[in-house]
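# Observations on the three-dimensional arrangement
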Amino acid sequence: MTPLRTALLQGPGGVPASRADSLAALDQAAARAAAAGARLLVTPELSLTGYALGGAVAAVAEPADGPGAEAVGRIAAEHGVAVVYGYPERDGDAVYNAVQLIGPTGERLAGYRKTHLYGSFEGGAFRPGTQPVVQAELDGVTVGLLVCYDVEFPETVRAHALAGTELLLVPTALMRPFEIVPNTLLPARAYESQLYIAYANRHGTEGEFSFAGLSCVVAPDGSVPVRAGTGEDFLVADVDPAALAASRAANPYLTDRRPELYPSLCSQGEPRR
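Residues numbered from 1 in each chain as written. Predicted model: local features only at pLDDT ≥ 70, side-chain atom pairs only at ≥ 80, totals over all residues. Heavy atoms only, no water.

With that settled, consider the overall build of the chain. A tally of regular secondary structure across the chain gives 8 helices and 14 strands. Relative to the globule expectation of 19 Å for 273 residues, the C-alpha radius of gyration of the chain, 17 Å, shows essentially globular dimensions. Its C-alpha atoms give the chain principal-axis dimensions of roughly 50 × 40 × 35 Å. Burial status across the chain gives 54% buried among its 273 residues. Charged side chains of the chain number 20 positive and 30 negative; the gap between the two group centres comes to 3 Å. (Helix = DSSP H or I, 4+ residues; strand = E, 2+ residues; numbered from the N terminus. Rg over C-alpha atoms; globule rule 2.2 N^0.38 Å. Buried < 20%, exposed > 50% of the residue type's maximum accessible area, 1.4 Å probe, protein only. Lys, Arg positive; Asp, Glu negative; His and termini not counted. Charge placed at Lys NZ, Arg CZ, Asp CG, Glu CD.)

See below:
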């Protein structure tokens, strides 16, 4: 099976002046991804609007099929690159911290609502999602979606692994001083659950928030093929299903589990082989 070349955009720095500015930056990143041969571009948490929105969250929230999704769909189709982007999703009276996967022909493939909200800002602005595992197929690879804080819980990543996720996409707004997450925790998550993780963070300062950067792609053997610094950056790495299969054969964590000993943690059942 052909590796899935994946691009990560580390940015933007600061809240964009307008939706048009966000879409222009996304268009440039998608063009850059296509030129690098990537079929997937992952952008940070709330990449369409900025993170430090304060009381403006409700005003900029839109439905999953709203104008933002339509605009991103046009960008994805123009460049032939699937795009993961973050935005505040409105569903009736509720607003969610959401991400959406748009396919390389512009269609909406999957949407996920952040299940673990971080801090007082998120807790006051958003309702937590309730669906822990959201997946889609892209070029024969099963991809899954989480958002930032979600990946810091071992249960969420293991649930994806047991459901068959091969590449976990994690748009992120990780703040300082929590660099331990990309430096230490993510390699452990990828190794213990035997999957790839693509972690796209913000950088710079927005209001009271200072973001850590350090976006990365982590392989199932715990290695980090590419990692960003702390400023604006753009990464490209290949996600290889054959390497994943070999890693899972060499490291039997998933098949050696004994779910009968911890049934309360095993509602996802047995791993897909």
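Time to look at the packing of aromatic side chains. One pass over the structure, following the stated rule, counts 11 aromatic pairs. Ring geometry for tyrosine 191 against tyrosine 253: centres 5.7 Å apart, planes inclined by 90°, an arrangement best described as edge-to-face. Here the residue tyrosine 191 occupies a position in helix 6 (residues 180-193), and tyrosine 253 occupies one in helix 8 (residues 253-256), the gap between them amounting to 62 residues. In this structure, arginine 113 is placed above the aromatic ring of tyrosine 96, and the distance from its NZ or CZ to the ring centre is 4.0 Å. The ring centre of phenylalanine 211 lies 5.8 Å from the NZ or CZ of arginine 202, which sits over that ring. (Phe/Tyr/Trp six-rings, centres within 6.5 Å; stacked < 30°, edge-to-face > 60°. Lys NZ or Arg CZ within 6 Å of the ring centre and 35° of its normal.)

What follows covers the sheet that holds strand 8 (residues 167-171). Spatially, the 6 strands line up as an open sheet ordered 6-7-8-9-12-13, and their pairing is mixed. The outermost strands of the open sheet, each flanked by one partner alone, are strand 6 (135-138) and strand 13 (226-227). With 5 bridges joining them, strand 8 and strand 9 (residues 196-200) adopt parallel strand pairing. Looking at strand 9, one finds that leucine 167 is bridged to tyrosine 196. (Pairing = 2+ DSSP bridges.)

Two numbers describe how helix 5 (residues 154-163) lies on helix 6: the axes approach to 9 Å, and their chain directions differ by 35°. The crossing of helix 5 and helix 6 is right-handed. Facing helix 5, whose interface residues are Pro154, Val157, Arg158 and Ala161, helix 6 presents Arg189, Glu192 and Ser193. Across the contact of helix 5 with helix 6, the residue classes tally to 3 nonpolar, 1 polar and 3 charged. (Axes fitted to C-alpha atoms, helices over the stretch in contact; angles between N-to-C directions. Left-handed = near helix turned anticlockwise from the far one by under 90°. Contact = heavy atoms within 4.5 Å. Nonpolar A, V, L, I, M, F, W, Y, C, P; charged D, E, K, R; others polar.)

We now examine the packing of helix 1 (residues 19-35) against helix 3 (residues 67-79). Two numbers describe how helix 1 lies on helix 3: the axes approach to 9 Å, and their chain directions differ by 25°. Considering the angle they form, helix 1 stands roughly parallel to helix 3. Pair helix 1 / helix 3 crosses with right-handed handedness. Across the interface between the two elements, Arg19, Leu23, Leu26, Asp27, Ala30, Ala31 and Ala34 from helix 1 touch Gly68, Ala71, Val72, Ile75, Glu78 and His79 from helix 3. (Parallel < 35°, antiparallel > 145°, perpendicular 65-115°, else oblique.)

It is worth spelling out the sheet that holds strand 2 (residues 40-42) at this point. Read across the open sheet, the 6 strands follow the order 5-4-3-2-1-14; overall the sheet is mixed. Taken across any chain shown, the strands that pair with only one partner, and hence form the sheet edges, are strand 5 (108-113) and strand 14 (233-239). For this sheet, the mean angle separating the axes of adjacent strands, direction not counted, is 30°. Relative to strand 3 (residues 82-91), strand 2 is paired through 3 bridges, and the arrangement is parallel. In the sheet register, leucine 40 faces strand 3, and the bridge partner there is alanine 82.

Attention now goes to the nonpolar core. Membership of the largest hydrophobic core comes to 49 residues, with the highest contact counts inside it found for Leu40, Leu101, Leu145, Leu167, Leu169, Ile197 and Tyr199. The element contributing the most residues to this core is strand 9, with 5 residues. Apart from the residues lying within four places of it in its own chain, the contact partners of leucine 101 are Leu40, Ala82, Val83, Val84, Glu107, Arg108, Leu109, Ala110, Ala136, Val143 and Leu145. (Core = buried A, V, L, I, M, F, W, Y, C linked by side-chain atoms within 4.5 Å.)

Our focus in this paragraph is helix 7 (residues 241-250). Taken as a whole, helix 7 has its buried residues at Pro241, Leu244 and Ser247. In a view along the axis of helix 7, the buried residues occupy a sector of 120°, so they form one face of it. Summarising the geometry of helix 7, the exposed residues directed more than 90 degrees from the buried face are Ala249 and Ala250. Looking at the buried side of helix 7, the elements it contacts are strand 7 (141-145), strand 9 and strand 14. Measuring from the side-chain oxygen of the N-cap residue of helix 7 to the backbone nitrogen of alanine 242 gives 3.0 Å; that N-cap residue is aspartate 240. (Arc of directions from axis to C-beta. Polar contact = N/O pair within 3.5 Å; in protein donor to acceptor, adjacent residues only side chain to side chain.)

Geometric descriptors of this kind do not, in isolation, establish any biological role.
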